[in-house]
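# Commentary on secondary and tertiary structure
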2 protein chains.
Amino acid sequence: MTEQNITVVIEALKAALTEEQVTINETVRELHGRDESYHALQLPDIVVFPETAEQVSAIMKISNQFHIPVIPFGLGSSLEGHVIPTEGGITIDFSLMNKVLEIMGNDFLVKVQPGVTRLQLNKELKKYGLFFSVDPGADATIGGMVATNASGTTSVKYGVMRDQIRDLEVVLADGMVIHTGNLAAKSSSGLHLNGLFTGSEGTLGCFTEITLRVYGIPEHVSAARACFSSVNDAVEAVVSILQAGIPVARVELVDEPSIRQANLYSETDYQEKPTLFLEFHGNEAGLKQDVEFMKDIVEGHGCSEIQFETDTASRNKLWEARHNLAYAFIHGYPGKKMMVTDVCLPISELAGAVAHAREHLESLGLIGGIVGHVGDGNFHVLLMMDLNNPEETAKAADFNERIVLYALERGGTCTGEHGVGIGKQKYQRQEHGDALLVMEKIKQALDPHNLLNPNKNVKAAEKGVHL
Amino acid sequence: MTEQNITVVIEALKAALTEEQVTINETVRELHGRDESYHALQLPDIVVFPETAEQVSAIMKISNQFHIPVIPFGLGSSLEGHVIPTEGGITIDFSLMNKVLEIMGNDFLVKVQPGVTRLQLNKELKKYGLFFSVDPGADATIGGMVATNASGTTSVKYGVMRDQIRDLEVVLADGMVIHTGNLAAKSSSGLHLNGLFTGSEGTLGCFTEITLRVYGIPEHVSAARACFSSVNDAVEAVVSILQAGIPVARVELVDEPSIRQANLYSETDYQEKPTLFLEFHGNEAGLKQDVEFMKDIVEGHGCSEIQFETDTASRNKLWEARHNLAYAFIHGYPGKKMMVTDVCLPISELAGAVAHAREHLESLGLIGGIVGHVGDGNFHVLLMMDLNNPEETAKAADFNERIVLYALERGGTCTGEHGVGIGKQKYQRQEHGDALLVMEKIKQALDPHNLLNPNKNVKAAEKGVHL
């Protein structure tokens, strides 16, 4: 934007919101120019902090009037550059819209504003004996989690973010406010907008209220660590557990280098072997039978040690160590940035995919750990790279591409849970084929001037005009 | 269509398919002019029986060339007039595309053609120890079940049709063939087309291949009938069971008049009281504990008799009686047609909604039973009416409307599982508000000439030109 245009837009925004809710402060803009990924910083021209859907609607109308892009922003914990303003514009920071609006305990529903974080919500729900199931590790905002269709450790039992959405209040490109759903457990009425807007990465509208499904805190919980002599044995054990129909609530793979990093960072003393972190939810008798059956299975796959974490404190320690793994690597390699791969494959292809990843990691001489939500067929390589070393970044990009192509050739997806953002756009055509044209038509129909988070996820079929 | 136009179109279709796959036979057209509902017969001009996606694509190209509507047809078991050719045109009957193409047992996936029926699929899956969970009662085609986002007795545990869809091969309005998904358990790549096309009722494209999630046959199954002194007690018992976190696999309400009708038709001798039909799936120990807990709960809600059906034969008898209820009413009232209401509400509103329905049924002097998938908050009034009695049909329409408005005012939906078709269109604006404009824009973007099953579900924003 030219300086003159910025001045006019700022005046319009200040008139629609308040002085304090609109800023061009350099530091604030820098905080909104990147996420937690390796993608390069780009600054928004303006950052706004709305408090209501009406204010968001007013911002969209100004965006339309001046043809300026808007970028919705939660906490910036995305991993593929989703919140980076590639063409400048107005970043909408939702941190002031952070209220838990209503807990409908009898209906297992909760209505929140988009800036509420996962841990904030769970703290509130605990008072009612309820919990919000989706657990991506980071304390992301609920709005951001809807935008990327987040999932994580518990999705194998409770489903992904999209499965929890009952209704979204959305401000559309033209400022119109709609509701995409209702409070009923199911519906066959109209087109499924809940599912379409979930995972749309801010490209179809801004969420201003989110109604989510929540669950009763399970009566009994049992967690375990099972060590194996190889990653392959661990993955095959998971496949057998699923095929036996054991309703596992969490099953996470952590490879040897990752356990080492976790021990350093989280001050644990876990055996440095390929490990599964498991959790089971249920009634006491059922759980006992499930856990016994699981023990038989993992022993059949060469499990050398199985350690149960019975009390809440050691269970929390276990999951904290798992969740802190990304930070453990970042902390352990100062000066390097992290690239995280995110493919998801049919479970029958998982063992091969993990072996392929490990082999190429080593042959390229790259540093990284492999972890994964293996019950879903989703795994990550946490890859450390020096952004000032062109050879290393080229190797990392090459590695990411090999992993993606391996998955796509076997019926998988380039992103199981992190989303497309900037980083996975180049694979969209290969993954979706002509279905990409359908996505582009939908984007074009709902955002004809391409104002909503341009250049992320699905691009408009035709490009809008910007200042 | 004029006779001349029909001749030209038939020639084009016969050239693209074969002579035998194209018919204008009056009897065949009549079989494709209605579904199982009370909605009036309207004939297609032509019926075609394609065998491949390529043939369906060729039909769509002819539809485009001559601007003739097409209506996809499974078995005609829909309940809101979905398959009725309101503007004539070409009905595509998928009965020749009825093959189970691939069973991927290790991935819990199956790929089928759209004309495969539910019972046919389950018969095939049984050999592999697997089952397809969605159970709407009727032996519908899988294609039809995707089109309406069908659900039924088991959705409280396993989810609705949309939850099972991994990939759809879809022929679009212009004849292009796309895939909406992949084989991975989850994905955050692109827009969620699986969810958008599921429930689109043939208005966005024709399904030619469907990849579905299936499940291992549960280790142990326990079924029960629990009788109550009032419908209200029964519904409140269900709410308590759900709130206790008992993972019930089926929980069906059958009211007193419906039990009477079932006893007459299915030759059962069930106690004629408001009844819950329940089923639990799990491991032996867990199931036992769940069932004990459930018994305590229903007794606390005044359950007067609880009868367990332990062997497979009596369990099958129980569910057969439930599934045959619609036929039991139709059989019991010769000359009358059935109207089935289908609202779904938040579970906390269910008891009130059922009481409201019963009260109005009686005050209007209408004949009908109330049954429902109460674990989802979804219930049906099976209403018998004489289509030649204008007073009775007016009363029935009035009744349906009261039920719908009651649900919409309480965060519910006009259709939990049957779909919109013709019958629920008048409630779409009230239910969806401005979100309906978004749906219409999507329909317009993907079917600009309004050729795909016009006048069903969501109408195009702008109407196409027909012959």
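Residues numbered from 1 in each chain as written. Chains lettered and ligands numbered in written order. Predicted model: local features only at pLDDT ≥ 70, side-chain atom pairs only at ≥ 80, totals over all residues. Heavy atoms only, no water.

As named in an unreviewed UniProt entry, chain A is D-lactate dehydrogenase (cytochrome), taken from Planococcus glaciei. Regarding chain A, the UniProt comment filed under Cofactor (unreviewed entry) reads as follows: "FAD". What the UniProt record of chain A gives under Sequence similarities (unreviewed entry) is the line "Belongs to the FAD-binding oxidoreductase/transferase type 4 family." (UniProt positions renumbered as here; feature names shortened; annotations may be inferred.)

All names here are of chain A. Across the sheet, five strands lie side by side as β5-β6-β10-β8-β9; this open sheet has antiparallel pairing. Edge positions in the sheet fall to β5 (100–104) and β9 (177–179), since each has one partner strand and no second. Each strand axis lies, on average, 10° off the axis of its neighbour in the sheet, ignoring direction. Sheet analysis places strand β8 (residues 165–171) next to strand β10 (residues 206–213), joined by six bridges and oriented antiparallel. (Pairing = 2+ DSSP bridges. Helix = DSSP H or I, 4+ residues; strand = E, 2+ residues; numbered from the N terminus. Axes fitted to C-alpha atoms, helices over the stretch in contact; angles between N-to-C directions.)

For the rest of this paragraph, the subject is the relation of the copies chain A and chain B. When chain A is brought onto chain B, the operation consists of a screw motion whose angular component is 180° and whose axial shift is 0.0 Å, with 0.0 Å RMSD remaining. Taken together, the turn and the small shift mark the pair as related by a two-fold rotation axis. Closest to the rotation axis within chain A is the C-alpha of G286 of chain A, separated from it by 1.7 Å. When the interface residues of chain A are mapped onto chain B, 100% of them again lie at the interface, so the same face is used by both copies. (Least-squares fit on C-alpha atoms with pLDDT ≥ 70 in both. Contact = heavy atoms within 4.5 Å.)

Attention now moves to the sheet that holds strand β15 (residues 305–309) of chain B. All names here are of chain B. With antiparallel pairing, seven strands are arranged side by side in an open sheet as β15-β12-β14-β13-β17-β18-β16. Looking at strand neighbours, the two that pair on one side only are β15 and β16 (337–340), the edges of this open sheet. Strand-to-strand twist across the sheet, computed as the mean angle between neighbouring axes with direction ignored, equals 20°. The pairing of strand β12 (residues 220–227) with β15 spans five bridges and is antiparallel. In the strand pairing of β15, C227 is matched with E305. Packing of helix α13 (residues 325–332) onto the sheet brings it into contact with β13 (248–254), β16, β17 (367–373) and β18 (378–385), and relative to β18 it is tilted by some 15°.

Before going further, it helps to spend a moment on helix α10 (residues 256–266) of chain B. Burial in α10 of chain B covers these residues: S258, I259, Q261, A262, N263 and S266 of chain B. Where α10 of chain B is buried, its residues contact β13, β14 (275–282), α12 (312–323), α13 and β17 of chain B. (Buried < 20%, exposed > 50% of the residue type's maximum accessible area, 1.4 Å probe, protein only.)

Time to look at the environment of R162 of chain B. Checked against the element boundaries, R162 of chain B lands in helix α7 (residues 161–164). For the pair formed by R162 of chain B and E391 of chain B, sequence separation is 229 residues and the distance between their alpha carbons is 39 Å. Setting aside chain neighbours within four positions, we find R162 of chain B in contact with S187 and H192 of chain A together with N149, G195, T198 and G199 of chain B. A distance of 3.2 Å separates polar atoms of two side chains, one belonging to R162 of chain B and the other to H192 of chain A. (Polar contact = N/O pair within 3.5 Å; in protein donor to acceptor, adjacent residues only side chain to side chain.)

It is worth spelling out the interface of chain A and chain B at this point. Of the residues lining the interface, 74 residues belong to chain A; the matching set on chain B comes to 74 residues. In total, about 5,600 Å² of surface goes out of reach between chain A and chain B, with carbon and sulfur atoms giving 59% of it. The largest contributions to the chain A side of the interface with chain B come from K186, S188 and L191 of chain A, which together make up 15% of the buried area. Run the count over chain A and chain B and you get four salt bridges. Note that D376 of chain A is salt-bridged to K186 of chain B, the shortest N-O span being 3.3 Å. In this structure, the connection of chain A to chain B is made through 44 residue pairs in polar contact (both at pLDDT 80 or more). Looking at the side of chain A that touches chain B, the elements with two or more residues in it are α7 (161–164), β9, α8 (193–197), α9 (231–243), α11 (284–300), α16 (428–432) and α17 (435–446) of chain A. Considering every element that reaches the side of chain A that touches chain B, the biggest residue donor is α17 of chain A, with eight residues. The class makeup of the residues in the side of chain A that touches chain B is 29 nonpolar, 32 polar and 13 charged. (Buried area = accessible area lost by both parts, 1.4 Å probe. Salt bridge = Lys/Arg side-chain N within 4 Å of Asp/Glu carboxyl O. Nonpolar A, V, L, I, M, F, W, Y, C, P; charged D, E, K, R; others polar.)

So, on to the packing of aromatic side chains. Per the counting criterion, the structure on display carries twelve aromatic pairs over all chains. Ring centres of Y270 of chain A and F277 of chain A lie 6.0 Å apart, and the angle between their planes is 80°; on these two criteria the pair is classed as edge-to-face. Both residues of the pair, Y270 of chain A and F277 of chain A, count as buried. Ring plane angle 90° and centroid distance 5.4 Å describe the contact between F131 of chain B and Y158 of chain B, whose orientation is recorded as edge-to-face. Residue F131 of chain B is found in strand β7 (residues 130–131), and its partner Y158 of chain B is found in helix α6 (residues 155–158); the two are separated by 27 residues along the sequence. Take F131 of chain B and Y158 of chain B: they sit in the same class, and that class is buried. Among the aromatic residues, those joined into a ring-pair cluster are F131, Y158 and Y215 of chain A. Geometry around W319 of chain B places R250 of chain B over its ring, the cationic atom sitting 4.4 Å from the centre. (Phe/Tyr/Trp six-rings, centres within 6.5 Å; stacked < 30°, edge-to-face > 60°. Lys NZ or Arg CZ within 6 Å of the ring centre and 35° of its normal.)

A separate point is the UniProt feature "domain: FAD-binding PCMH-type" (unreviewed entry) in chain A. In the numbering used here, UniProt assigns the feature "domain: FAD-binding PCMH-type" (unreviewed entry) to residues 40–217 of chain A. With 24% helix and 24% strand, residues 40–217 of chain A has end C-alpha atoms that lie 41 Å from one another.

Below, the discussion takes up the packing of helix α14 (residues 350–363) of chain A against helix α15 (residues 390–408) of chain A. Residue and element names in this part refer to chain A. Running from amino to carboxyl end, α14 crosses α15 at an angle of 160°, the nearest separation of the two axes being 10 Å. Accordingly, the angle class assigned to the pair α14 and α15 is roughly antiparallel. For the pair α14 and α15, the sense of crossing is right-handed. Side by side, α14 and α15 meet where G352, A353, H356, A357, H360 and L361 of the first sit next to F399, R402, I403 and Y406 of the second. (Parallel < 35°, antiparallel > 145°, perpendicular 65-115°, else oblique. Left-handed = near helix turned anticlockwise from the far one by under 90°.)

Counting residues in each nonpolar core, the largest one holds 74 residues, and the members touching the most others are F132, I142 and F197 of chain A together with F132, I142, F197 and L212 of chain B. Beyond its immediate sequence surroundings of up to four residues, F132 of chain B is in contact with R118, L121, N122, L125, I142, M145, M161, L212, R213 and V214 of chain B. (Core = buried A, V, L, I, M, F, W, Y, C linked by side-chain atoms within 4.5 Å.)

With respect to the helices and strands, G352 of chain B occurs in helix α14 (residues 350–363). Between the C-alpha atom of G352 of chain B and that of V235 of chain B, which follows or precedes it by 117 residues, the distance is 9.4 Å.

A few words on the state of the cysteines. Residue and element names in this part refer to chain A. For the structure on display, the rule yields zero disulfides over all chains. With no disulfide of its own, C227 lies closest to C303 among cysteine sulfurs, the gap being 6.7 Å. Sulfur of C344: no disulfide; nearest cysteine sulfur belongs to C414 and is 11 Å away. (Disulfide = S-S within 2.5 Å.)

This brings us to the domain arrangement of chain A. What the domain assignment lists for chain A is domain 1 (3–95), domain 2 (100–216), domain 3 (220–326) and domain 4 (334–448). Using only C-alpha atoms to locate each centre, domain 1 of chain A and domain 3 of chain A end up separated by 42 Å. (Domains from an automatic or database assignment.)

A few words now on the environment of S188 of chain A. By the element assignment, S188 of chain A lies in the loop between β9 and α8. In sequence terms S188 of chain A and P448 of chain A are 260 residues apart; their C-alpha atoms lie 28 Å from each other. Setting aside residues no more than four positions away along its own chain, S188 of chain A makes contact with T148, N149, E201, T415, G416, E417, H418, G419 and V420 of chain B. Of the polar contacts made by the side chain of S188 of chain A, one reaches the backbone oxygen of N149 of chain B; its length is 3.0 Å.

Another point: helix α4 (residues 118–126) of chain A. Listed in full, the buried residues belonging to α4 of chain A are R118, L121, N122 and L125 of chain A. Projected onto a plane normal to the axis of α4 of chain A, the buried residues spread over an arc of 95° and lie on a single side. (Arc of directions from axis to C-beta.)

All names here are of chain B. Where strand β5 (residues 100–104) lies against strand β6 (residues 109–112), four bridges are found, and the strand directions are antiparallel. Note that in β6 the partner of V100 across the bridge is V112. Hairpin geometry of β5 and β6 is characterised by an intervening segment of four residues between the two adjacent antiparallel strands and by a positive phi of about 55° at F108. Here four bridges tie β6 to strand β10 (residues 206–213), and the two strands are oriented antiparallel to one another.

Take the pattern of salt bridges next. Residues and elements named next belong to chain A. A complete count under the given rule lists 45 salt bridges over all chains for this structure. For E19, the salt bridge identified is with K14, shortest N-O distance 3.4 Å. On the basis of relative accessibility, which here comes to 25%, the residue K14 falls in the partly exposed class. Residue D135 pairs with R118 through a salt bridge whose shortest N-O separation is 3.0 Å. Of the two residues, D135 sits in the loop between β7 (130–131) and α5 (142–148) while R118 sits in helix α4, which places them 17 residues apart along the sequence.

As a further point, take unusual backbone geometry. All names here are of chain A. Of note, N457 is a non-glycine position whose phi angle comes to about 45°, a positive value. Relative to the elements of secondary structure, N457 occurs in the segment after α17. Looking at N457, the relative accessible area reads 2%, which means it is buried.

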